[in-house]
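Observations on chain architecture
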Amino acid sequence: MNTTPIYVPDRRLVRRDFIRYASASALVLPAMSLLTSCGGGESQSSEKKEAADASGGRTLGIALVGLGKYSEGELAPALKETKLCRLAGIVTGTPEKAEKWKKEYNIPDKNIYNYQTFDRIADNPDIDIVYVVLPNALHAEYVIRAAQAGKHVICEKPMATNAADCQKMIDACRKAGKKLSIGYRLHFEPFNREMMRLGQTQEFGKVNRIIAQNGQKQGMDTPWRLGKGLSGGGPLPDVGVYCIQGAIYTKGQVPVSVTAKFHPITDKEKFSEVEEGVDFQMEFPDGTVAACKTSYNDKYNILRAEAASGWFALEPAYQYDGLKGTTSKGEMKLENLNQQARQMDAFADCILNNQETTVPGEMGMRDVQLIEAIYRAAQTGNRVSTKDIIQVLDKTAAEQA
Ligand code: NAD
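Summarised in this report is the structure supplied together with it. Since we're looking at a predicted model, the values are computed, not measured. (Residues numbered from 1 in each chain as written. Predicted model: local features only at pLDDT ≥ 70, side-chain atom pairs only at ≥ 80, totals over all residues. Heavy atoms only, no water.)

1. Things to note about the pairing of strand β11 (residues 289–295)
Put simply, the test is: At least two bridges found by DSSP between two strands is the condition for calling them paired. Helix and strand definitions here come from DSSP, where helices need a minimum of 4 consecutive H or I residues and strands a minimum of 2 consecutive E residues; each element is numbered from the N-terminal end.
Two elements, strand β8 (residues 207–217) and β11, share seven bridges in a ladder whose sense is parallel. Paired with Ala212 across the bridge in β11 is Cys292. Once strand β10 (residues 277–283) ends, the chain turns through five residues before running back antiparallel as β11, passing Gly287 with a positive phi of about 95 degrees.

Structure, rendered in structure tokens:
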């Protein structure tokens, strides 16, 4: 197993998001004149023009595969705000949805596929990127088919329901010479990027402890989430993955071991196949521990770091909007921006400029390997070593500091 960390470089489009958090006495310093891949603040039209100029006027066509809640509620609206990519096609098994989306987003018939006709997307020059937004267990098949069709791919989190599938997905994209990224929107979100910067640059000294909690009351609206076959697990791969992510990008290290304990099941009918919740601890190479918690039966949304000379925290930390950040020196004065638009534009920018994505398939695989280790730890009660997992980190916020 490769143990050399991959530090994913960043540069690029959209604009720099380090409007520094401010203490009561300090000034907010907006560094807005630079174009980078991380977000914006000025007028949409001037940004659009700058971005279009930088890409030679070209925007990339995205086809969404699976028109469920996330595609409908977040990704399609975000694609109205993107500057380097646009909604060009859809893949759905429901003809009524195809009809509705066709009208709403002005999608030509030739760019509408179902799961049987999907592979013909290979012949469609309007589609540059396939975005897989299906239940977790279906990600592998559609990422591999998309790569074989010669398309770049974005795959939603969790990347797959097991690490072996992640490897197959990475291999398929590599073989096709296509880029693969994971829908890790928070890497493009100013508050979470600030956690990365503060933690990795050790602005408050060495981070000694991290608390990451993400839980929600899961209803019955997407039943596949409660069935192990399609989900691969309960809250851990679904929302707990944000705790894994948050702890790692704040610390800037890959965990060397995990311990875990399942929550007691209070609703036996609902949680007959997947866990109701789990507490887990991830230990980093320098001994720092991240105490994490995830649940489908309780609400929490926190990422907090305690360092040698202060602390910094987000609450809520992982939602699409309304994030708030505080440090021991004061409030983080940052903007909530469209996370999905920034994420998709950053990937389009990587393709247009042949750069590596900061959220590659290898990062998705790292997290699936950690999820597997956490399940093993909870099932056995043992500490599970994660020293052999793939070593990949996003160091970009620290590099931009
Ligand atoms: P959803 O159930 O609302 O949508 C899933 C879509 O897949 C539906 O359109 C459904 O018709 C289609 N589908 C195709 N084959 C299916 C099958 N065999 N069984 C069930 N549905 C099938 O789910 P969602 O909330 O949109 O989640 C989709 C993916 O997006 C998941 O992997 C999830 O983890 C991810 N997601 C990511 C975020 C994020 O913030 N990045 C947020 C929500 C969901």
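2. Structural notes on the pattern of salt bridges
Put simply, the rule reads: We define a salt bridge as a side-chain nitrogen of Lys or Arg found within 4 Å of a carboxyl oxygen belonging to Asp or Glu. When accessible area is computed with a 1.4 Å probe and restricted to protein chains, residues below 20% of their type maximum are described as buried, those above 50% as exposed, and intermediate ones as partly exposed.
Enumeration over the complete set of coordinates arrives at 21 salt bridges. A salt bridge links Arg58 to Asp128, with the nearest nitrogen and oxygen atoms 3.1 Å apart. In this pair, Arg58 is assigned in the loop between α1 (44–54) and β2 (60–65) and Asp128 in the loop between β4 (112–113) and β5 (129–132), connecting sequence segments 70 residues apart. For Asp128, a relative accessible area of 15% puts it in the buried group. The salt bridge involving Glu283 is made with Arg383; its shortest N-O contact spans 2.9 Å. Remark: Arg383 occurs in the loop between α10 (361–380) and β16 (384–385) and Glu283 occurs in strand β10; sequence separation between them is 100 residues. What makes Glu283 partly exposed here is its relative accessible area of 26%. Of the residues examined, Arg383 reaches a relative accessible area of 54% and is grouped as exposed.

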